[in-house]
Amino acid sequence: MSSAEDNRDTEDQAQSTVDASPTTLAQSPVPEPVNTPPPAVVDKPTPASPALEPQPYPQSHPTPPASTPALNTSPYFPRLTAPTMFLPIPNTDPLSPLLTKHVPPEQRPRRDVTGEWTSKEMHEMVMSNSWRALARMARDLIVASDPEDLSRILDLWSLRLSALARLRLTNQASAECTNLFAPQARSLATRLSALSAYPFELSVLRARVHYWAGDARGYVDALAGLLTGCKAKARAEKANLSMWLERSARVCLMIASQLVEMKDYHAAITLLTPLCTQQLSPSTDAPPVPSPAIHSAVARIYLLSGNIPKAAEHFKIVASCADVEPGTIAMNTALLCSASGDWQHAEAALREVLEQDPQNYTAINNLAVTLLAQGRVKDGIGLLEQAMQASPASVLSAEPFIFNLSTLYELRSSTAVDKKRELLTEVARWGGDGLRATCLKMPSS
């Protein structure tokens, strides 16, 4: 029902649900990665033991030899903080050409394309989708870090690559990730992966390089290798069993999401079905219980494949779970009714969700689609515009919301140009970095 989401990023987390959507966002071709030769590996020299002082002879009480200073055994990878590991972020913005063409200069909102971050808090940058500033901040902090502070450096590398992916700079993210895990430094990559300070998100981003290069099967293979490693860690580290089982489930969801994108619905369902009753707890005394989130995801994949009866079975299991939220049941009912063409019952279910959570913008977007399916274009526009006025920072950073509102404006051709120009201005003011200009459905030339 909701618009099909774009290719997923690693920052944020794996997709736990797969929504069916009557509208589709324009897909941009995935650019090829840039191959940048990595800098040479530099190893920290080990201090040599000081030579002993010459002893006088004969001597009744020999002088004790000088003590050897203790060696620093902490990991030391100075190449990780080298400025040559990074590429400059281009000072370009996808919305700037649209603003230049469609909006007068005095009405254009100011947009920061420099990535200035020194006067901002990190929480503020994340909430405002200032990914350019976050990427630049991560780079500056990495270069200024002590090479022995490995945990901090690797966390900043994860932030840097995630921010570049959010900016849609997949060529640059691939090149910098290649620098980090260069073929010439394979032994270094192996040593990094074995460290306890090595962040799991960095492994996910390393696998994501295949996806950015357009190698979907290579991406699935990389995730499968990551899943195997998580399972091995779960068997070996009993103290961290819950953490590794949770990470295994996340990787399974990422693989299933990619299989859905490849339209291999059967493989995605086969992968997720064992997780429907998996107990993510070190305790083996309690019997496994159904997972409402996984059952809902499997049901939505069945809807995408057109198997409505099987989807209804899984939705029924979700409704019988003791810990399921009422909003989840209503949302599942709306999806099932939409797939069956029962738009009135779908609308009623979505309004029930909004009664419980008026700020559920996914339900608002889905409700606008059901109104469109019933021919109530004006009501759909009013609903989305009301949400935009209530929380512009939340909805104007979501491409499906912008795409659907632009589509509804086009269906009212008499006011489409002016309305879309106003929408462009609001998106430029609130949307942050990384939005695809194609979701506005406006010509740039």
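Residues numbered from 1 in each chain as written. Predicted model: local features only at pLDDT ≥ 70, side-chain atom pairs only at ≥ 80, totals over all residues. Heavy atoms only, no water.

## Here we look at the overall build of the chain
Part 1: A tally of regular secondary structure across the chain gives 19 helices and 0 strands.
Part 2: Out of the 445 residues in the chain, the part that is buried amounts to 45%.
Part 3: If you take every contact in the chain between residues at least 6 apart in sequence, the share linking residues at least 24 apart comes to 62%.
Part 4: Approximately 22500 Å² of the chain is accessible, and the part contributed by carbon and sulfur atoms is 55%. (Helix = DSSP H or I, 4+ residues; strand = E, 2+ residues; numbered from the N terminus. Buried < 20%, exposed > 50% of the residue type's maximum accessible area, 1.4 Å probe, protein only. Contact = heavy atoms within 4.5 Å. Areas by Shrake-Rupley, 256 points an atom, 1.4 Å probe, with all protein chains shown as cover.)

## With respect to the nonpolar core
Part 1: Ranked by internal contacts, the top residues of the largest apolar core, which has 74 residues, are Leu 80, Trp 157, Leu 202, Val 251 and Leu 272.
Part 2: Take this core: its biggest share by element is 11 residues, from helix α9 (residues 241–261).
Part 3: Counting residues in each nonpolar core, the second largest holds 39 residues, with Ala 334, Leu 354, Ala 363 and Leu 435 among its members. (Core = buried A, V, L, I, M, F, W, Y, C linked by side-chain atoms within 4.5 Å.)

## Observations concerning the packing of aromatic side chains
Part 1: Throughout the structure, instances matching the rule amount to 2 aromatic pairs.
Part 2: Seen from their ring centres, Phe 86 and Trp 157 are 4.8 Å apart, and the 20° between their planes marks the pair as stacked. Highlighted residues: Phe 86 in the segment before α1 (95–102) and Trp 157 in helix α4 (residues 150–166), separated in sequence by 71 residues. For the residue pair Phe 86 and Trp 157, the accessibility class agrees, reading buried in each case.
Part 3: Taking 5.4 Å as the distance between ring centres and 55° as the angle between the ring planes, the aromatic pair formed by Tyr 211 and Tyr 219 counts as tilted. The pair Tyr 211 / Tyr 219 is uniform in exposure class, with both members buried.
Part 4: Across the ring face of Tyr 211, the terminal group of Arg 208 is positioned such that the distance to the ring centre comes to 4.2 Å.
Part 5: Positioned over the ring face of Phe 403 is Lys 441, at 4.8 Å from the centre of the ring. (Phe/Tyr/Trp six-rings, centres within 6.5 Å; stacked < 30°, edge-to-face > 60°. Lys NZ or Arg CZ within 6 Å of the ring centre and 35° of its normal.)

## Re the packing of α1 against helix α19 (residues 416–430)
Part 1: As a packed pair, α1 and α19 sit with axes 11 Å apart at the nearest point and diverge in direction by 140°. When the interaxial angle is binned, α1 and α19 end up oblique. Of the two elements, α1 crosses α19, and the hand of that crossing is left-handed. Touching Leu 95, Leu 98, Leu 99 and His 102 of α1 are Arg 421, Leu 424, Val 427 and Ala 428, all from α19.
Part 2: Of the residues belonging to the contact of α1 with α19, the class tally is 6 nonpolar, 1 polar and 1 charged. (Axes fitted to C-alpha atoms, helices over the stretch in contact; angles between N-to-C directions. Parallel < 35°, antiparallel > 145°, perpendicular 65-115°, else oblique. Left-handed = near helix turned anticlockwise from the far one by under 90°. Nonpolar A, V, L, I, M, F, W, Y, C, P; charged D, E, K, R; others polar.)

## Thoughts on the packing of helix α7 (residues 200–212) against helix α8 (residues 216–236)
Part 1: Where α7 contacts α8, the two axes come as close as 7 Å, and the packing angle between them is 160°. Considered as vectors, α7 and α8 are oriented roughly antiparallel to each other. Handedness of the α7/α8 crossing: right-handed. Residues Phe 200, Ser 203, Val 204, Ala 207, Arg 208, His 210 and Tyr 211 of α7 pack against Gly 218, Tyr 219, Ala 222, Leu 223, Leu 226 and Cys 230 of α8.
Part 2: Partitioned by chemical class, the residues of the contact of α7 with α8 number 9 nonpolar, 3 polar and 1 charged.

## Quick notes on α19
Part 1: Between its first and last C-alpha, α19 extends 21 Å over 15 residues, near the 21 Å set by a 1.5 Å rise per residue.
Part 2: Turning to α19, its buried residues number three or more, namely Ala 416, Lys 420, Leu 423, Leu 424, Thr 425, Val 427 and Ala 428.
Part 3: Check the buried side of α19 and you find it contacts α1, α16 (377–390) and α18 (399–411).
Part 4: Of the residues one or two after α19, Gly 432 is the one with positive phi, at around 75°. (Expected span 1.5 Å × (residues − 1).)

## Concerning the pattern of salt bridges
Part 1: By the definition in use, this model includes 16 salt bridges.
Part 2: In this structure, the salt-bridge partner of Glu 399 is Arg 168, at a minimum N-O distance of 2.8 Å. Within this pair, whereas Glu 399 is found in helix α18, its partner Arg 168 is found in the loop between α4 and α5 (170–180), the two being separated by 231 residues in sequence.
Part 3: Relative accessible area serves as the criterion here: at 6%, Glu 399 is assigned to the buried category.
Part 4: Measuring nitrogen to oxygen at the nearest pair gives 3.1 Å for the salt bridge that ties Arg 351 to Glu 347. Taken together, the positions of Arg 351 and Glu 347, both in helix α14 (residues 343–356) and 4 residues apart, correspond to about one turn of that helix.
Part 5: Classification of Glu 347 by relative accessible area gives buried; the value is 12%.
Part 6: Residues participating in the shared-partner salt-bridge network are Glu 347, Arg 351, Arg 376 and Asp 379. (Salt bridge = Lys/Arg side-chain N within 4 Å of Asp/Glu carboxyl O.)

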